[in-house]
Every structure is written in C-alpha cells, then in structure tokens.
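Spelled out from the first residue to the last, the chains are:
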Amino acid sequence: MASRATAKLQPASVPDSAPEAFDSLGFRRALGQFATGVAIVSALDPENGPAGEPVGLTISSFNTVSLSPPLVLFSVQRKAYALGALQRAKGYAVNILNSDQQHLSQRFGRALDASRWAAAPHALGRTGAPLIHGSLAHFDCEPYAVHDGGDHLIFVGRVVSFATAEADAPLVFFRGAYCKLEV
C-alpha cells in the first residue's frame, strides 16, 4: 500500500568531476535504516577437546536462501574471534533472539566475555551446536557452502532441524539501537 507522504531521498554521490570517494560512515548509517532481527550463531569448536567448546557471536545478517533444499545464510566478519571455530564446526545453529534477550546479544557481541555461556542456558542440537533456550526460533544447520563477501565470509547452512516459539516478539536492531517490535 503506497503512502501519500514520501521522503525525498538525497543521493550521497560525488560529482563526476571529483575523484571517486566513498563515504563509509554514511553507507553504514544508510544500512542502519533497514531494521533487522538479532541472532546468535553458535557452534562447538572441535579444536577444544573431544566434546568441543561452545562458541557464539551476535549477528544481524541472516536470510533464507532456499526452501528446497532448506538453506539459510549469515555472514561473519573476517576478523571475528569465532570465525575459525565456525569454519571447523560440524554444525552450527542460528538462534533468533526474542525481545527479552538483549542482554545475550550484548554479551555475545563482545569478543572475550567469558560469562556468555553461563548466562545462556542451552541444549545441543542434532549437529552438536548449542541451541539457546528461550530463543524465538533456532535453525540447526550442517555446513553447505562458504563464500567470499569482502570483509566478511558468507556461510550457507542446510537446515536439519528447527523450532519456533510463536508467543514472543523478536529483538530488532534499527538505526544503531535495539528496539522491541509490538505484535
């Protein structure tokens, strides 16, 4: 449905006569105009003992790729502390956070927060990845593909199981801040 009031978009380009420059900060602000859900990607790092050690990080880049086969994707910054563990893992989970789990997003957004798993009760899924209790949904995935994405790697996972909790509202990130969506 079209709205009567439309905002006039202002281009952020440089005139053709000027040397090409890219406004990275402006680009980041423009991307912040897109509200996203917040999730934690989790896995067991097989390098840390026979049972593996849980690793996880907060992401906002999550999307459906395919229904048949069931594929999802997320991206991880190349300098993320958990990147190597995710590349080595036999499986990983995408845990969609509910509106009451902002504290988990913040803990898993810090690289070296040793208390993160103590604050995140979980069970292991079919692939061995930690499934965080209270999540709005989780997708337990086997690695399917990894692609170059500039300063990120794009992980594509084949979903082997999933679960949802319909009663809660999602945690949302918009313009650099957490928001709660009223449903």
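Residues numbered from 1 in each chain as written. Predicted model: local features only at pLDDT ≥ 70, side-chain atom pairs only at ≥ 80, totals over all residues. Heavy atoms only, no water.

A. Quick look at the overall build of the protein. Secondary structure summary: the protein contains three helices and twelve strands in total. In the protein, which comprises 183 residues, the share counted as buried stands at 37%. (Helix = DSSP H or I, 4+ residues; strand = E, 2+ residues; numbered from the N terminus. Buried < 20%, exposed > 50% of the residue type's maximum accessible area, 1.4 Å probe, protein only.)

B. Structural detail: the packing of aromatic side chains. Here the structure, examined in full by the defined rule, presents eight aromatic pairs. Ring centres of phenylalanine 139 and phenylalanine 162 lie 6.5 Å apart, and the angle between their planes is 25°; on these two criteria the pair is classed as stacked. Of this pair, phenylalanine 139 sits in strand 9 (residues 137-149) while phenylalanine 162 is found in strand 10 (residues 152-164), placing the two residues 23 residues apart along the sequence. Judged by its relative accessible area of 58%, phenylalanine 162 falls in the exposed class. Ring centres of phenylalanine 173 and tyrosine 178 lie 5.2 Å apart, and the angle between their planes is 75°; on these two criteria the pair is classed as edge-to-face. Judged by relative accessible area, which is 26%, tyrosine 178 ranks as partly exposed. An aromatic cluster of at least three residues, connected via ring pairs, comprises Phe62, Phe139 and Phe162. (Phe/Tyr/Trp six-rings, centres within 6.5 Å; stacked < 30°, edge-to-face > 60°.)

C. Fine view of the side chain of glutamine 101. Checked against the element boundaries, glutamine 101 lands in the loop between strand 6 (92-96) and helix 3 (102-109). Among the polar contacts made by the side chain of glutamine 101, one reaches the main-chain amide nitrogen of asparagine 98 at a distance of 2.9 Å. When residues no more than four places from it in sequence are discounted, the contact partners of glutamine 101 are Ile96, Ile132, His133, Gly134, Ser135, Leu136 and Leu171. (Polar contact = N/O pair within 3.5 Å; in protein donor to acceptor, adjacent residues only side chain to side chain. Contact = heavy atoms within 4.5 Å.)

D. Up close: the sheet that holds strand 1 (residues 36-37). Spatially, 1-11-12 is the arrangement adopted by the three strands of the open sheet, whose pairing is antiparallel. Each edge of the sheet is formed by a strand with only one pairing partner; in this case those strands are strand 1 and strand 12 (177-180). With four bridges joining them, strand 11 (residues 171-174) and strand 12 adopt antiparallel strand pairing. When the bridges of strand 12 are listed, valine 172 appears paired with cysteine 179. (Pairing = 2+ DSSP bridges.)

E. Structural detail: the sheet that holds strand 9. Ordered by their spatial adjacency, seven strands build an open sheet running 3-2-6-9-10-5-4, and the pairing between neighbours is antiparallel. Strands at the two margins of the open sheet, each flanked by one partner only, are strand 3 (53-59) and strand 4 (62-66). Here the strands of the sheet are splayed against their neighbours by 35° on average, with no regard to which way each runs. Pairing of strand 9 with strand 10 involves twelve bridges; the strand directions are antiparallel. Paired with aspartate 140 across the two strands is serine 161, which belongs to strand 10. Contacts from helix 3 reach strand 2 (39-45) and strand 3 within the one sheet, and its direction differs from that of strand 3 by about 110°. (Axes fitted to C-alpha atoms, helices over the stretch in contact; angles between N-to-C directions.)

F. The arrangement of the pattern of salt bridges in detail. Summed over the entire model, instances satisfying the criterion amount to three salt bridges. Its salt-bridge partner being glutamate 47, residue arginine 88 comes within 3.7 Å of it at the nearest N-O pair. Here glutamate 47 lies in the loop between strand 2 and strand 3 and arginine 88 lies in helix 2 (residues 83-88), a separation of 41 residues in the sequence. Measuring nitrogen to oxygen at the nearest pair gives 2.4 Å for the salt bridge that ties aspartate 148 to arginine 78. Taken together, the positions of aspartate 148 in strand 9 and arginine 78 in the loop between strand 5 (71-77) and helix 2 put the pair 70 residues apart, joining distant regions of the chain. (Salt bridge = Lys/Arg side-chain N within 4 Å of Asp/Glu carboxyl O.)

G. Seen up close, helix 3. Of all the residues in helix 3, the buried ones are Leu104, Ser105 and Phe108. Buried positions in helix 3, seen along its axis, are confined to an arc of 100° and lie on one side of it. Against strand 2, strand 3, strand 8 (130-132), strand 11 and strand 12 lie the buried residues of helix 3. (Arc of directions from axis to C-beta.)

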